[in-house]
Amino acid sequence: MRRAGLLLLAALVAAGPALAQQPPAKPPAAKPGAQRPAAAAPKPTSKFPPPAFKITVATEAAYPPYNYLDRKGMPAGFEIELAQEACQRIKAECEFAAFKWDELVPGLIEKKFDVIMSSLDITSERRKRMGMSRRYYLSPGAFIAAKGAPFDGPPSLLRNKRIGIQRDSTHADWADKSFRRSAQLKRYNTVAEALDALARNEVDAVFGDKVELWLWSRKPEGSCCELVGQDIKDSQTLGIGVAAGLRKEDSKLREAFNKALGEMMADGTYKKINEKFFPFQLN
């Protein structure tokens, strides 16, 4: 018995190398109809390309409905929605920030932000300090008078009438040039004072910025009155409109921004955004 055990041990030792060279056993074959483990699902990819670059758009956020802060404290308004659309078209990731009016132009030059969208009138002085985009809105001059007043036509209907204007304003410049002595021009320190006079029937009409007059007509104190007559556009006295402000050296950004604005005006996007805020077109 002891000899048989020794013989068995010797046989196992001799067979050891051969057993070590045998391949590992294969896993049992899957039964017909058995389900294999599901492969890991691929990560979803966005259908939108990643932004090409980042820019910051600054606004005063204190001039509704053009720019203001919404309930969450974020910049909103007509100009902000135009900027958001432009950012998508130029494939830029845009952040929006509110600054005080006096900080806007210095902040742009000091590179605290990249674009100003804050109702910047296009002037020769501003063009000396910064680059400006193409015009993206123009609020014309307009008249407002009591509802039913017989002035819904050319300005000549207001000859010999009492017209309220803001003293030392571009609208006063136009009225001085256009009426001279053919109307009674009554000057007030502010447009609000002129409109108060209209509500008290101390003047027959007020001439000023169309949007400002329209906004007043929607208030309880302005329910007496409505816009009348034709839009007044005069580049010499009333200016040529509003544009975005950019640094002069950022010419490629300005070109891309201008291209986006032009496309928006051509394909109807600008009109849709305009209609969300105003009952008349501003460009």
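Scroll up to find the structure.
Thresholds applied
Counting restarts for each chain, with residues numbered from 1 along the sequence as it is written. For a predicted model such as this one, the threshold for reporting local features is a pLDDT of at least 70, and the threshold for listing and counting side-chain atom pairs is 80 or more; totals across whole chains, interfaces and linings nevertheless cover every residue. To obtain the side-chain values, all non-hydrogen atoms of the structure were included, while hydrogens and water were left out. Basic side-chain nitrogens of Lys or Arg form a salt bridge, by our definition, when they fall within 4 Å of a carboxyl oxygen of Asp or Glu. Only runs of H or I of at least four residues qualify as helices and only runs of E of at least two qualify as strands under DSSP, and these elements are numbered from the N terminus. For every residue, the accessible area (1.4 Å probe, protein chains only) is compared with the maximum for its type, and the residue is labelled buried under 20%, exposed over 50%, or partly exposed between those bounds. For the purposes of these results, a polar contact is taken to be a pair of N or O atoms within 3.5 Å, where, inside protein, one atom must be able to donate a hydrogen and its partner to accept one; residues adjacent in sequence count only when each atom of the pair is a side-chain atom. Two residues qualify as a contact provided that any one of their heavy atoms is within 4.5 Å of a heavy atom in the partner residue. In this analysis, axes come from line fits to C-alpha atoms, helices being fitted only over the stretch in contact, and the angle between any two N-to-C directions falls in the range 0 to 180 degrees. Orientation labels follow simple angle bins: below 35 degrees gives roughly parallel, above 145 gives roughly antiparallel, 65 to 115 gives roughly perpendicular, and whatever is left gives oblique. With the far helix as reference, a near helix turned anticlockwise by less than a right angle produces a left-handed crossing, and one turned clockwise produces a right-handed crossing. Two strands pair if DSSP finds at least two bridges between them. Side-chain rings of Phe, Tyr and Trp, where Trp is taken by its six-membered ring, are said to pair if the distance between their centres is within 6.5 Å; with planes under 30 degrees apart they count as stacked, over 60 as edge-to-face, and otherwise as tilted. When the NZ atom of lysine or the CZ atom of arginine is within 6 Å of a ring's centre and also within 35 degrees of its normal, the charge is said to sit over that ring.

Chemist: Can you help me understand the pattern of salt bridges in this one?
Modeler: For side chains of opposite charge, pairing can occur when their charged atoms come near one another. The full count for this structure, using the stated rule, is 13 salt bridges. Between Arg-187 and Asp-176 there is a salt bridge, and its shortest N-O distance comes to 2.6 Å. You can see Arg-187 sitting in strand 9 (residues 184-188) and its partner Asp-176 sitting in helix 5 (residues 170-179), a full 11 residues away along the chain. Relative accessible area serves as the criterion here: at 36%, Arg-187 is assigned to the partly exposed category. Under the relative-accessibility criterion, Asp-176 is labelled partly exposed at 32%. When the shortest N-O distance is used, the salt bridge between Asp-231 and Lys-210 registers 2.8 Å. Of this pair, Asp-231 sits in strand 11 (residues 225-232) while Lys-210 sits in helix 7 (residues 210-217), and the two are 21 residues apart along the sequence. Given a relative accessible area of 11%, Lys-210 falls into the buried group. Look at the salt bridges and you will find they share partners, linking Glu-85, Arg-89, Lys-259, Glu-263 and Asp-267 into a network.

Chemist: What exactly am I supposed to notice about the side chain of Asn-67 here?
Modeler: Secondary-structure assignment places Asn-67 in the loop between strand 1 (53-59) and strand 2 (68-69). The exposure class of Asn-67 is buried, given its relative accessible area of 0%. Polar side-chain contacts of Asn-67 include one of 2.8 Å to the side chain of Glu-79. Sequence-distant contacts of Asn-67, defined by excluding residues within four places in its chain, comprise Thr-59, Glu-60, Ala-61, Ala-62, Ala-76, Glu-79, Met-117, Ser-118 and Ser-119.

Chemist: Looking at this model, I keep getting lost on the packing of helix 2 (residues 78-89) against helix 10 (residues 269-277). Mind explaining?
Modeler: Helices that pack against each other are described as a pair by the angle of their axes relative to one another and the distance between those axes. Interaxial distance between helix 2 and helix 10 falls to 9 Å at its minimum, and their mutual angle equals 155°. Comparing their axes, helix 10 and helix 2 come out roughly antiparallel. Between helix 2 and helix 10 lies a crossing of right-handed hand. Contacts between helix 2 and helix 10 pair Phe-78, Glu-81, Leu-82, Glu-85 and Arg-89 from the former with Thr-269, Tyr-270, Ile-273, Asn-274, Lys-276 and Phe-277 from the latter.

Chemist: I would appreciate a short explanation of the sheet that holds strand 12 (residues 242-246) in the present structure.
Modeler: Strands in a sheet are paired, the pairing made by backbone hydrogen bonds, and the direction either parallel or antiparallel. The sheet built from 5 strands is open, its strands ordered 4-1-5-12-6 with mixed pairing. On the outer flanks of this sheet lie strand 4 (92-98) and strand 6 (131-132), each paired with one strand and no other. Summarising the sheet, strand 1 and strand 4 pair through 7 bridges and their orientation is parallel. Its bridge partner being in strand 4, Val-57 is matched across the sheet by Phe-96.

Chemist: So what exactly am I meant to see when it comes to the side chain of Thr-269 here?
Modeler: Mapped onto the elements of the fold, Thr-269 is located in helix 10. Its relative accessible area of 18% is what places Thr-269 among the buried residues. Polar side-chain contacts of Thr-269 include one of 3.0 Å to the side chain of Arg-89. At 2.7 Å, the side chain of Thr-269 forms a polar contact with the side chain of Asp-267. If sequence neighbours within four positions are ignored, Thr-269 has contacts with Glu-85, Arg-89 and Met-264.

Chemist: Got a minute to help me understand the packing of aromatic side chains in this structure?
Modeler: How two aromatic rings sit relative to each other is given by the distance of their centres and the angle of their planes. Here the structure, examined in full by the defined rule, presents 19 aromatic pairs. Centroid distance Phe-78 to Tyr-137: 6.2 Å. Interplanar angle 65°. Geometry classified as edge-to-face. Placement of the pair is Phe-78 in helix 2 and Tyr-137 in the loop between strand 6 and strand 7 (141-146), with a sequence separation of 59 residues. Of the residues examined, Tyr-137 reaches a relative accessible area of 4% and is grouped as buried. On the basis of an interplanar angle of 85° and a centroid distance of 5.9 Å, the ring pair of Trp-174 and Phe-179 is categorised as edge-to-face. Relative accessible area serves as the criterion here: at 8%, Trp-174 is assigned to the buried category. Taking relative accessible area as the criterion, Phe-179 reaches 4% and is therefore assigned buried. One aromatic cluster is present, formed by Tyr-63, Tyr-66, Phe-78, Tyr-136, Tyr-137, Trp-214, Tyr-270, Phe-277, Phe-278 and Phe-280 through successive ring pairs. The aromatic ring of Phe-280 is capped on one face by Lys-210, whose charged end is 4.3 Å from the ring centroid.

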